[in-house]
Structures are given as structure tokens and as C-alpha cells.
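In case you want the letters, here they are:
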Amino acid sequence: MVKVIASSIRKGNVIDADGKLYVVLTAQNFHPGKGTPVTQVDMRRISDGVKVSERWRTTEQVERAFVEDTPHQFLYEDGEGFHFMNPANYDQVAVDAETMGDQKAYLQEAMTVTLSMHEGIALAVELPRHVTLEIMETEPVVKGQTASSSYKPAMLSNGVRTMVPPHINAGTRVVIMTEDNSYVERAKD
């Protein structure tokens, strides 16, 4: 175990608190005008999936568990969960739907992701920052809208809704940021 200060905790980190392992879902640092700065962390206990909120002073020491981040390739999804393969040794790992969370919408065949492994168990899945998807449907452009100020709603090929600039039409391939479903740019292909 490695001790780190609370303000350095990030999403996807694995923490050892009270002898149990937790995976961090969100971590925010608050600096109020008066009082001590604190780090608010929402995390899920790995053993039973219970979600917990914890608050530490930003300078407090927190134990971070040793987690191995390894690249894996997405193979398929079935009743057991999502199956990934380590391209280095061809070991396969199944990740349950709860661990995947909302990210499952962005999984594509043969996509390379980073799995956070601890003692042979996948604790967290980190997708590539950007994915390329096709716009399935979008509203027509309203005359007088300028490209810089207004975005319009659009439905992506994976079923996720996002906002795109007015010049983007159905059938256009776009690059989307997986963290927040936001439009980045028109795909170069």
C-alpha cells in the first residue's frame, strides 16, 4: 500500500479504507473561503458494491492500493458480463455490468481499454478519451442560428444523445469525448 495525500485522489483510483478496498467514482477538492480545504470522494466498495461518500482534509494521508493498469481488448458481451482479452498473454477477463456502468454504450468491437486489475479482479475500466460515432438523427438547421453560439441535439449510433453544431447532419461521423458525451470535432476519415 502507498500513502498519498487526499487531494491527489482521482476517478478510478483504488483506496484501502478500514481494511476494505474501494474504487473512486468521483473526487472533488473544495477550498472554502474560511476553514480547511477538503476532498469529497464518492466510492464503491469492491467486495459488495455499496456506495460510500467520504470527506478528508486535503492534506490527510490516504492508503492507495496497488493496482495494475493493463491494456485489454474488448471481445464481446454476454450474460456473465463484458469480456476482455490481454493481448500480451491472451488471458481473458470478465467485467460485470455494474463495474462497466454507463461506459458500456461506447464499447466497440476490438476497442483497446485500460483495465485496473487487483489480484486478478478487474476493478475499473478506462475507455479511450475519444471515440468516433455516426450521427443517426438530428434536427434541421434553423435559419439565423450562428455556428458559434448554438448547438442542436443529436442521436448517436450507440443510442447516446449529445449536442452538435448546426452544420452537422445525420450520417456524419463525429468524434465524441467519452467522459461527458460532448462533441469534439467532425471525424477526419
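Residues numbered from 1 in each chain as written. Predicted model: local features only at pLDDT ≥ 70, side-chain atom pairs only at ≥ 80, totals over all residues. Heavy atoms only, no water.

Colleague: What is the right way to look at the overall build of the chain in this model?
Modeller: From N to C terminus, the chain includes 1 helix and 16 strands. The 189 residues of the chain split such that 37% are buried. Summed over all atoms, the accessible surface of the chain reaches about 11,300 Å², with 49% contributed by carbon and sulfur. If you average the places of the 19 positive and of the 26 negative side-chain charges in the chain, the two averages end up 10 Å apart. (Helix = DSSP H or I, 4+ residues; strand = E, 2+ residues; numbered from the N terminus. Buried < 20%, exposed > 50% of the residue type's maximum accessible area, 1.4 Å probe, protein only. Areas by Shrake-Rupley, 256 points an atom, 1.4 Å probe, with all protein chains shown as cover. Lys, Arg positive; Asp, Glu negative; His and termini not counted. Charge placed at Lys NZ, Arg CZ, Asp CG, Glu CD.)

Colleague: Just to check I follow, could you spell out the sheet that holds strand β3 (residues 20-30) for this structure?
Modeller: Backbone hydrogen bonds hold the strands of a sheet together, and the pairing may be parallel or antiparallel. Strand order in the open sheet made by the 6 strands is β1-β6-β2-β3-β4-β5, with antiparallel pairing throughout. Taken across any chain shown, the strands that pair with only one partner, and hence form the sheet edges, are β1 (2-5) and β5 (51-57). Within this sheet the neighbouring strands show an average axis-to-axis angle of 45 degrees, counted without direction. Bridging between β1 and strand β6 (residues 61-64) involves 4 bridges; their strand directions are antiparallel. Pairing of Lys3 across the sheet is with Glu63, part of β6. (Pairing = 2+ DSSP bridges. Axes fitted to C-alpha atoms, helices over the stretch in contact; angles between N-to-C directions.)

Colleague: What is the right way to read the side chain of Asp16 from this model?
Modeller: Relative to the assigned elements, Asp16 resides in strand β2 (residues 14-17). Here Asp16 sits buried without a salt bridge, and the closest side chain of opposite charge, Lys20, lies 9.0 Å off (N-O distance). Here Gly19 takes part through its backbone nitrogen, which lies 3.4 Å from a polar atom of the side chain of Asp16. (Salt bridge = Lys/Arg side-chain N within 4 Å of Asp/Glu carboxyl O. Polar contact = N/O pair within 3.5 Å; in protein donor to acceptor, adjacent residues only side chain to side chain.)

Colleague: Can you walk me through the sheet that holds strand β11 (residues 121-126) in this structure?
Modeller: The 5 strands lie next to each other as β9-β8-β7-β10-β11, forming an open sheet whose pairing is antiparallel. Both outer strands of the open sheet, β9 (92-95) and β11, are each paired with one neighbouring strand and no more. Direction aside, the axes of adjacent strands within the sheet are offset by 45 degrees on average. Sheet topology note: the strand β8 (residues 81-85)/β9 ladder contains 4 bridges and is antiparallel. Residue pairing across strands places Phe82 opposite Val95, the latter belonging to β9.

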